[in-house]
Amino acid sequence: MKIKFSFSRLALCLLSLLLMSTWQLALANVQDKQIRIGVTSFRSAEQTLKQWQATADYLNKAIPEYHFSIVPLYLDKLKEAVKNGEIEFLLSNPEQYVTLRADNGLAA
């Protein structure tokens, strides 16, 4: 029996699992109940928002006491956003994660 599972569905499921398993750590630092999810953007900010908005919508519905929003970030703004605490979560590539972890003490 073959099971069809598209890559985008798998990515969404993995993202949801990751966010659910680690969100309590980020929430300890959040006073205004606003959760900003930074997403590395390789396209226009509008396209990145369109691609990831369903994830924020799902989280807003699943956890109504918090407001989740997507923050598209180009590579040149990524380090600044992490350093300044402008986002609570980050979706990026492994190389960026390793660099940001070393410079800013991020945790997976």
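Asker: Go over the overall build of the protein with me, naming the residues and quoting the values.
Answerer: Looking only at helices and strands, one finds four helices and three strands in the protein. Ordered by position from the N terminus, the helices and strands of the protein form the series α-β-α-β-α-β-α. Relative to its full complement of 108 residues, the protein shows a buried share of 31%. Partitioning the contacts of the protein with sequence separation of at least 6, the portion at a separation of at least 24 is 65%. Here the protein has roughly 7600 Å² of accessible surface; of this, 57% comes from carbon and sulfur atoms.

Asker: Quick rundown of helix H4 (residues 94-104)? Include the residues and the values.
Answerer: Among the residues of H4, the N-terminal cap falls to asparagine 93, whose side-chain oxygen and the backbone nitrogen of glutamate 95 are separated by 3.1 Å. Positive backbone phi, approximately 70°, marks glycine 105, located one or two places after H4.

Asker: Break down the sheet that holds strand E3 (residues 89-91) for me, citing the residues and quoting the values.
Answerer: With parallel pairing, the three strands of this open sheet are ordered in space as E2-E1-E3. Strand pairing shows two members of the sheet lacking a second neighbour, strand E2 (67-73) and E3, which therefore form its edges. Each neighbouring strand pair of the sheet contributes to a mean axis angle of 25°, computed without reference to strand direction. In the packing of helix H3 (residues 75-83) onto the sheet, contacts are made with strand E1 (34-40), E2 and E3, and the angle to E2 comes to roughly 135°.

Asker: Explain the pairing of E2 to me, using residue names and the numbers behind them.
Answerer: Pairing between E1 and E2: seven bridges, direction parallel. The residue bridging glycine 38 from the neighbouring strand is valine 71, located in E2.

Asker: Residues and numbers for the side chain of threonine 40, please.
Answerer: Tracing the sequence through the fold places threonine 40 in strand E1. Engagement of the side chain of threonine 40 in a polar contact is seen with the side chain of serine 92, the distance being 2.8 Å. The residues touching threonine 40, leaving out its near neighbours within four places in the chain, are Leu73, Leu75, Leu78, Leu90, Leu91 and Ser92.

Asker: Mind laying out the environment of glycine 85, listing which residues take part and the relevant values?
Answerer: Checked against the element boundaries, glycine 85 lands in the loop between H3 and E3. In this structure glycine 85 comes out as partly exposed when scored by relative accessible area, which is 41%. Separated by 49 residues in sequence, glycine 85 and arginine 36 place their C-alpha atoms 9.9 Å apart.

Asker: Give a detailed account of the nonpolar core, specifying residues and quantitative values.
Answerer: Ile35, Ile37, Val39, Trp52, Ala56, Leu59, Ile63, Tyr66, Phe68, Ile70, Phe89 and Leu91 form the largest nonpolar core, which has 12 residues in total. Looking at this core, the elements with two or more residues in it are E1, helix H2 (45-62), E2 and E3. Core analysis: the next-biggest nonpolar cluster, separate from the first, contains six residues, Leu78, Ala81, Val82 and Leu100 among them.

Asker: Before we move on, can you summarise the environment of arginine 36 with the specific residues and values?
Answerer: Mapping arginine 36 onto the fold places it in strand E1. The exposure class assigned to arginine 36 is partly exposed, which follows from its relative accessible area of 24%. In this structure, the C-alpha to C-alpha distance between arginine 36 and serine 69, residues 33 residues apart in sequence, is 5.0 Å. Dropping the residues within four chain positions of it, arginine 36 is found in contact with Ser69, Val71, Gly85, Glu86, Ile87, Glu88 and Phe89. Here the side chain of arginine 36 touches glutamate 88 through a polar contact of 2.5 Å, side chain to side chain.

So, how was this worked out
- Residues numbered from 1 in each chain as written.
- Predicted model: local features only at pLDDT ≥ 70, side-chain atom pairs only at ≥ 80, totals over all residues.
- Heavy atoms only, no water.
- Helix = DSSP H or I, 4+ residues; strand = E, 2+ residues; numbered from the N terminus.
- Buried < 20%, exposed > 50% of the residue type's maximum accessible area, 1.4 Å probe, protein only.
- Contact = heavy atoms within 4.5 Å.
- Areas by Shrake-Rupley, 256 points an atom, 1.4 Å probe, with all protein chains shown as cover.
- Polar contact = N/O pair within 3.5 Å; in protein donor to acceptor, adjacent residues only side chain to side chain.
- Pairing = 2+ DSSP bridges.
- Axes fitted to C-alpha atoms, helices over the stretch in contact; angles between N-to-C directions.
- Core = buried A, V, L, I, M, F, W, Y, C linked by side-chain atoms within 4.5 Å.

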